[in-house]
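Listed below are the residues making up each chain.
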Amino acid sequence: MSPEITYAQWEALLNGSLAPDEQQKLEDALQRDPALQKQLEQFRAVRSAQRDPGLDHFRTAVQQAQAQYQQETPVKKMGLRWVAALAVAASIALLIWFNYQTKRNPQELYADYAMHAVNLQQMGTDTDRGTLQSLFQQKKYAAALPLIDCYLGEYPDAADVRLARGIALLETGQYEEAVTAFRTLAQAHPIYTNEAHWYQALTYLKQEQITAAITSLRNIPSGSSRYATAQELLRQLK
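Residues numbered from 1 in each chain as written. Predicted model: local features only at pLDDT ≥ 70, side-chain atom pairs only at ≥ 80, totals over all residues. Heavy atoms only, no water.

The helix and strand inventory of the protein chain stands at 13 helices and 0 strands. Ordered by position from N to C terminus, the α and β elements of the protein chain give α-α-α-α-α-α-α-α-α-α-α-α-α. Looking at the protein chain residue by residue over its 238 residues, the buried ones come to 42%. The contacts in the protein chain between residues at least 6 apart in sequence include a share of 60% that link residues at least 24 apart. Looking at the protein chain as shown, the accessible area adds up to about 13,300 Å², and 55% of this sits on carbon and sulfur atoms. (Helix = DSSP H or I, 4+ residues; strand = E, 2+ residues; numbered from the N terminus. Buried < 20%, exposed > 50% of the residue type's maximum accessible area, 1.4 Å probe, protein only. Contact = heavy atoms within 4.5 Å. Areas by Shrake-Rupley, 256 points an atom, 1.4 Å probe, with all protein chains shown as cover.)

The following block contains the structure:
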């Protein structure tokens, strides 16, 4: 059974304001639980609607039109029916407008979707991995990079650490190096192919290269745990 996550906890997770231990616990649960991933997708959709200023403008315009009609039209039976019909039509138009309104700021989308649920201790318990995990939880990516390179010098086949390296490059603005790191990861470790496509998409999104981001997202197959989130992001980019 999926754990109950409050609105405040989801908001704190997306804002990066959860305590490190609580964030790690929730990220671990997300990796294991598809139902919980669906809850997060639904919360993101609601959150996006709330933050969309265009939606507020549309709603205000509809309300103003209704108020003006009621002031200028005699209150007759047919008039009331017309007002009711207008309200229904406005509601339908609002729903259609929201469903097809997809243009949002790429940086806002990146902030919503760039949640790095990397567990560097799942493959071992050595001190170096513990240090890297701590740095990632604190979002100290620049400090993590030299330690990651040192670790990979000794353990070059550590795929999860290679993924972490790509993320650290992305978060420190080294975009070309990040794309190369994710491409190399996919080639050397096929089990990480979908994660690599996801993070390539985020790297392109961060640079506002929307076409390239869409191409990467379309490479994520329906059987992947990333598929639902990739499709959600695609709908907002296309």
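So that's the structure; there's more coming.
This part takes up helix α9 (residues 159-171). Relative to the 18 Å expected for 13 residues at 1.5 Å per residue, α9 spans 19 Å between its end C-alpha atoms, a close match to the ideal helical length. With respect to burial, α9 is a largely interior element, 10 of its 13 residues being buried. Of all the positions in α9, only Ala-159, Asp-160, Val-161, Leu-163, Ala-164, Gly-166, Ile-167, Ala-168, Leu-169 and Leu-170 are classed as buried. Downstream of α9 by a residue or two, Gly-173 has a phi angle that is positive, lying close to 80°. (Expected span 1.5 Å × (residues − 1).)

Counted according to the given criterion, the structure contains 3 salt bridges. A salt bridge links Arg-165 to Asp-149; the nearest nitrogen and oxygen atoms lie 2.8 Å apart. Here Asp-149 lies in helix α8 (residues 141-154) and Arg-165 lies in helix α9, a separation of 16 residues in the sequence. Asp-149 gets classed as partly exposed once you look at its relative accessible area, which sits at 38%. In this structure, Glu-195 and Arg-226 form a salt bridge, with 2.6 Å as the shortest nitrogen-oxygen distance. Residue Glu-195 is found in helix α11 (residues 193-206), and its partner Arg-226 is found in the loop between α12 (210-218) and α13 (227-237); the two are separated by 31 residues along the sequence. (Salt bridge = Lys/Arg side-chain N within 4 Å of Asp/Glu carboxyl O.)

Turning next to the layout of surface pockets. Space inside the largest pocket adds up to approximately 660 Å³. Gln-31, Ala-117, Glu-195, Ser-225 and Arg-226 are the residues nearest the centre of the largest pocket, which is lined by 23 residues in total. Of all the elements in the fold, those that place two or more residues in the lining of the largest pocket are α2 (20-32), α3 (34-51), α9 and α11. Looking at side-chain class alone, the lining of the largest pocket contains 10 nonpolar, 8 polar and 5 charged residues. (1 Å grid on protein atoms, 1.4 Å probe; cavity = no way out; pocket = protein on both sides within 12 Å on 5 of 7 lines; lining within 4 Å. Points joined across faces, edges and corners; volume = space filled by probe spheres on them. Nonpolar A, V, L, I, M, F, W, Y, C, P; charged D, E, K, R; others polar.)

Ranked by size, the top nonpolar core spans 46 residues in total, and within it Phe-136, Ile-148, Trp-198, Leu-202 and Leu-217 carry the most contacts. Of all the secondary-structure elements, those providing two or more residues to this core are α6 (106-113), α7 (127-137), α8, α9, α10 (175-188), α11, α12 and α13. Those residues in contact with Trp-198 that lie beyond four places of it in its chain are Tyr-113, Leu-217, Ile-220, Arg-226, Thr-229, Ala-230 and Leu-233. Of all hydrophobic cores here, the second largest spans 13 residues; its members include Ile-5, Trp-10, Phe-43 and Met-115. (Core = buried A, V, L, I, M, F, W, Y, C linked by side-chain atoms within 4.5 Å.)

With that settled, the discussion passes to the confidence of the model for the protein chain. Model confidence for the protein chain is summarised by a mean pLDDT of 78, while 69% of its residues fall at 70 or above. Across residues 75-80, where pLDDT falls below 50, the model places 2 contacts with residues more than four positions away in sequence or in other chains. (pLDDT = per-residue confidence, 0-100.)

Right, let's talk about α10 for a bit. Helix length check: α10, at 14 residues, gives a terminal C-alpha distance of 20 Å against a target of 20 Å (1.5 Å per residue), a fit within 8%. Within the sequence span of α10, burial applies to Ala-178, Val-179, Ala-181, Phe-182, Leu-185 and Ala-186. Buried residues in α10, looked at end-on, bunch into an arc of 160°, giving them a common side. In α10, the exposed positions that point more than 90 degrees away from the buried face belong to Glu-176 and Gln-187. In this structure, the buried residues of α10 make contact with α9 and α11. (Arc of directions from axis to C-beta.)

Turning our eyes to something else, we now look at the packing of α12 against α13. In the contact formed by α12 and α13, the axes pass within 10 Å of each other and the chain directions differ by 150°. With respect to α13, the element α12 is oriented roughly antiparallel. Note that α12 runs across α13; the crossing there is left-handed. For the pair formed by α12 and α13, the contact residues are Ile-210, Ala-213, Ile-214, Leu-217 and Arg-218 on the first element and Ala-230, Leu-233, Leu-234 and Leu-237 on the second. (Axes fitted to C-alpha atoms, helices over the stretch in contact; angles between N-to-C directions. Parallel < 35°, antiparallel > 145°, perpendicular 65-115°, else oblique. Left-handed = near helix turned anticlockwise from the far one by under 90°.)

This part takes up the packing of aromatic side chains. Applying the stated criterion to the full structure yields 4 aromatic pairs. Ring centres 4.8 Å apart and planes at 40° place the aromatic pair Tyr-151 and Tyr-155 in the tilted group. Residue class for Tyr-155 comes out partly exposed when judged on its relative accessible area of 39%. Ring centres of Phe-182 and Tyr-199 lie 5.6 Å apart, and the angle between their planes is 25°; this geometry places the pair in the stacked category. (Phe/Tyr/Trp six-rings, centres within 6.5 Å; stacked < 30°, edge-to-face > 60°.)

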